[in-house]
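Okay, here's what each chain looks like letter by letter:
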Amino acid sequence: MAGMDDIDRSIVRLLERHGRLSQEQLARRIRLSRPAVHQRVKRLEAARVIRGYRAELDWAALGLPLTAFVWVRTGGPNCAPVGPAILALGDDGAFVEECHRVTGDWCLLVKARAATPLALQDLIDRIRAVAGVTSTTTTLALSTLRHEAAGDGDTAVAEAAP
């Protein structure tokens, strides 16, 4: 968004890490009045800089403790239809959370969640069956670093896979 200043960037960073902060809490952290914060947040939402607010999920508690990254290589001149087809895959045991087009030797990077290794295997088999997919390679995440609130600042914390 053209015209974003340091205060707008501070609001965006805080909301990206702490989406449930009230406008009063935002105002205190960035030392601005609540009505001014409200106006800025509304402007950022209208410009689609802020597109929504999400819950942070405990995937293990939801029965999906495995996080996998699946590199996908496609054949042919265009991999564009492969990504949406892969995103549509999944069931209660495993699903595709994200799919990114990437540069380099691989065409797509898929982030998947799974309940069990067998459910992940089934999802990978379905990915390999998508028209245009020529090969895959998969990496399991052992733990994940993420930002977490710590008083007035942030700290990186590790989430170990069960």
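Residues numbered from 1 in each chain as written. Predicted model: local features only at pLDDT ≥ 70, side-chain atom pairs only at ≥ 80, totals over all residues. Heavy atoms only, no water.

A short note on the sheet that holds strand 3 (residues 108-114)
Put simply, the test is: Paired strands are those between which DSSP finds at least two bridges. Secondary structure elements follow DSSP: runs of H or I no shorter than four residues count as helices, runs of E no shorter than two count as strands, and numbering proceeds from the N terminus. To get an axis, fit a line to the C-alpha atoms, keeping to the stretch in contact for a helix; angles then go from 0 to 180 degrees between the N-to-C directions. Contact criterion: two residues are considered in contact whenever any of their non-hydrogen atoms come within 4.5 Å of each other.
Spatially, the four strands line up as an open sheet ordered 2-3-1-4, and their pairing is antiparallel. A strand with exactly one partner marks an edge of an open sheet, and here the two such strands are strand 2 (94-101) and strand 4 (133-140). The sheet shows a mean angle of 25° between the axes of neighbouring strands, taken without regard to direction. With seven bridges joining them, strand 2 and strand 3 adopt antiparallel strand pairing. In the strand pairing of strand 3, A94 is matched with A114. This element, helix 5 (residues 117-128), spans strand 1 (66-74), strand 2, strand 3 and strand 4 of the sheet and lies at about 155° to strand 4.

Structural notes on the side chain of R40
Under the convention used in this document: By the criterion applied in these results, polar contacts are pairs of N or O atoms within 3.5 Å in which, for protein atoms, one can donate a hydrogen and the other can accept it, and in which residues neighboring in sequence qualify only through two side-chain atoms.
Among the secondary structure elements, R40 is positioned in helix 3 (residues 34-46). Within polar-contact distance, the side chain of R40 engages the side chain of D8 at 2.8 Å. Excluding its chain neighbours within four sequence positions, the residues that come into contact with R40 are D5, I7, D8, I11 and L32.

Concerning helix 2 (residues 23-30)
In plain terms, the rule: Any residue under 20% of the maximum accessible area for its type is buried, any over 50% is exposed, and the rest in between are partly exposed; the area is computed with a 1.4 Å probe on protein chains only. It is the directions from the helix axis to the C-beta atoms that the arc portrays.
Turning to helix 2, its buried residues are L26, A27 and I30. Down the axis of helix 2, the buried side of the element spans an arc of 100°, and every buried residue falls inside it. Just beyond helix 2, the residue with positive phi is R31, at close to 60°.

So, the nonpolar core
Applied cut-off: Definition used in this section: a nonpolar core is a set of buried Ala, Val, Leu, Ile, Met, Phe, Trp, Tyr and Cys residues joined via side-chain atoms within 4.5 Å.
Formed by 22 residues in total, the largest nonpolar core has its most connected members in V72, I86, V110, L123 and I127. Secondary-structure elements contributing two or more residues to this core are strand 1, helix 4 (82-87), strand 2, strand 3 and helix 5. A per-element tally of this core places helix 5 first, with five residues. Formed by twelve residues, the second largest nonpolar core is a distinct cluster that contains I11, L15, L26 and I30.

Quick word on unusual backbone geometry
One non-glycine residue, R31, adopts positive backbone phi at about 60°. With respect to the helices and strands, the residue R31 is situated in the loop between helix 2 and helix 3. Residue classification places R31 among the exposed positions, given a relative accessible area of 75%. Here R48, not a glycine, exhibits a phi torsion of approximately 65°, which is positive.

Quick notes on the packing of aromatic side chains
Cut-off, in case you're wondering: Centres within 6.5 Å are what make two rings of Phe, Tyr or Trp a pair, Trp counting through its six-membered ring; a difference in plane orientation under 30 degrees is then read as stacked, over 60 as edge-to-face, and the rest as tilted. Any Lys NZ or Arg CZ that is within 6 Å of a ring centre and within 35 degrees of that ring's normal is treated as a charge sitting over the ring.
All chains considered together, the criterion is met by one aromatic pair. Centroid distance W59 to F95: 5.6 Å. Interplanar angle 45°. Geometry classified as tilted. Of the two residues, W59 sits in the loop between helix 3 and strand 1 while F95 sits in strand 2, which places them 36 residues apart along the sequence. Its guanidinium or amino end placed over the ring of W106, R73 lies 3.9 Å from that ring's centre, counting from NZ or CZ.

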